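# Breakdown of the fold
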Amino acid sequence: MSGSQDQSSNARRRIVISVDAMGGDQGPATVVAGISRSAKKNPDVAFILHGPRDELERLVAKRRNLAGRCEIRDATDVVHMEDKPSHVMRHGTETSMWSALESVRNGEATVCVSCGNTGALMVLSMVRLKKLPGVNRPAIAVLWPSRNPHGFNVMLDVGADIRADAQDLLQYALMGASYARNGLALERPRIGLLNVGTEEHKGRAELKAAHDLIAANAEKARFDFVGFVEGGDIPGNRCDVIVTDGFTGNIALKTGEGTASLIGDLLKEAFEYTPLSRIAALLALTSLRRLKKRIDPRRVNGGVFLGLNGTVVKSHGAADATGVSAAVKLAFQLAQSGFSEKIAARLAAATSQLEDMKNEKDVAE
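Residues numbered from 1 in each chain as written. Predicted model: local features only at pLDDT ≥ 70, side-chain atom pairs only at ≥ 80, totals over all residues. Heavy atoms only, no water.

### A few points about helix H12 (residues 321–336)
Stated precisely, the cut-off is as follows: Runs of E in the DSSP output that reach at least two residues are strands. Runs of H or I that reach at least four are helices, and both are numbered from the N terminus. A helix is expected to span 1.5 Å multiplied by its residue count minus one. The classification of residues rests on relative accessible area computed with a 1.4 Å probe and restricted to protein chains. Under 20% of the type maximum is buried, over 50% is exposed, and intermediate values are partly exposed. Pairing of N or O atoms within 3.5 Å defines a polar contact, subject to two protein rules: one partner must be a possible hydrogen donor and the other a possible acceptor, and residues neighboring in sequence count only if both atoms are side-chain atoms.
Along its 16 residues, H12 runs 22 Å from first to last C-alpha, staying within 8% of the 22 Å computed at 1.5 Å per residue. Most of H12 is tucked away: twelve of the 16 residues are buried. Among the residues of H12, Ala 321, Gly 323, Val 324, Ser 325, Ala 326, Ala 327, Val 328, Leu 330, Ala 331, Phe 332, Leu 334 and Ala 335 are the ones counted as buried. The N-terminus of H12 is capped by Asp 320, whose side-chain oxygen sits 3.2 Å from the backbone nitrogen of Thr 322.

Structure representation (structure tokens):
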């Protein structure tokens with residue numbers, strides 16, 4: 001086979017990621033540096049990069065490893081962090097975020113990655129990609145460092161919608177289980193429903209109803225339901241997926257990020273306190289580096305929008321090149337596993353089962 005044929009074959013095998021270059025706090029140079037890191041590590045990934053063509057062409061030209069693997073789509077406008085989602089939906093057709101989602105909608109890319117405004121990205125994703133049949137509210141799922149052997153737990157929702165009824169929470173459980181299978185390679189994930197206690201009589205009415213719904217669907221959906229879990233179980237090993245509403249999940253997420261940052265600062269302060277403690281820090285350097293890597297939020301940067309006709313990965317707005325690269329890695333893994341198709345099939349089956357249960361109840365009454 002000739003060299004050109006080899007290149008053509010490689011290009012066909014590559015998974016294309018659509019990247020919004022303009023949404024992050026650190027600008028497009030950081031985004032390009034992040035996708036360049038991904039390209040170095042993974043020969044099977046290619047990109048469609050969205051933003052001002054002239055600026056992006058200059059940045060991409062400096063990264064030799066992106067040659068032939070990065071198509072640029074000109075988008076002159078930017079969604080800013082302070083922009084209201086409703087305004088972006090009406091006036092955002094020329095933005096890099098809109099353009100990035102269009103590439104997924106048109107089938108040119110498998111996943112969209114953006115560091116931009118979360119609310120605007122969710123609204124545009126629902127408008128352009130549409131919700132999967134049967135999905136009432138999409139959810140944002142994140143990976144949370146945990147004591148489990150695989151190192152992380154999945155938690156959702158962490159901010160797509162502050163409300164969730166019993167059926168929404170069931171859908172989150174189904175989507176979270178699918179994410180755990182494809183993102184963490186867990187054949188039969190354990191699902192926990194976040195509550196103020198583990199006793200079945202505790203919690204709001206919708207949580208008690210969701211408890212029964214999730215338990216009833218566990219066997220058919222191939223997951224184990226461990227019942228109610230508490231906040232201390234989020235980084236624990238009692239379950240693999242924590243299901244909650246977006247209000248609670250977002251507060252827990254921001255609390256966890258703040259705590260991780262505080263631990264890092266306190267350790268640094270403690271080891272700089274005296275000459276002896278600085279020597280101790282040198283002796284413990286390898287262990288400290290391991291701890292820093294373990295709790296570094298950049299390593300798990302990327303909240304996944306679930307419940308849409310297409311996969312969207314929301315990178316942290318303040319992500320550096322390492323964080324962007326981590327978000328792209330997650331996007332690639334999900335695309336490679338056929339995640340969107342699998343989650344759609346699982347939700348369709350569950351929706352059908354719920355309709356059958358409802359019909360049986362109506363007939364009985």
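### Focus on the confidence of the model for the protein
For clarity, the threshold we go by: On a range of 0 to 100, pLDDT expresses the predictor's confidence in each residue. We call two residues in contact when some of their heavy atoms are within 4.5 Å.
For the protein, per-residue confidence averages 84 on the pLDDT scale, and residues scoring 70 or more make up 86% of the total. When the criterion is pLDDT under 50, residues 1–11 qualifies, and its contacts beyond four places in sequence or with other chains add up to one contact.

### A look at the environment of Ile 48
Topologically, Ile 48 is positioned in strand E2 (residues 45–51). Between the C-alpha atom of Ile 48 and that of Ser 18, which follows or precedes it by 30 residues, the distance is 4.8 Å. Residues in contact with Ile 48, not counting those within four places in the same chain, are Val 16, Ile 17, Ser 18, Val 19, Glu 71, Arg 73, Ser 103, Glu 108 and Ala 109.

### Some remarks on the pattern of salt bridges
To keep things clear, this is the line we draw: Only one rule defines a salt bridge in this text: a Lys or Arg side-chain nitrogen within 4 Å of an Asp or Glu carboxyl oxygen.
The tally for this structure, following the rule as stated, stands at 15 salt bridges. One salt bridge connects Glu 219 with Arg 188, and the closest N-O pair in it is separated by 3.0 Å. Residue Glu 219 is located in the loop between helix H8 (205–217) and strand E8 (224–229), and its partner Arg 188 is located in the loop between helix H7 (166–183) and strand E7 (190–194); the two are separated by 31 residues in the primary sequence. By relative accessible area, Glu 219 is classed as exposed at 59%. A salt bridge links Arg 204 to Glu 206; the nearest nitrogen and oxygen atoms lie 2.6 Å apart. Linked by salt bridges that have partners in common, Arg 137, Asp 161, Arg 163 and Asp 168 make up one network.

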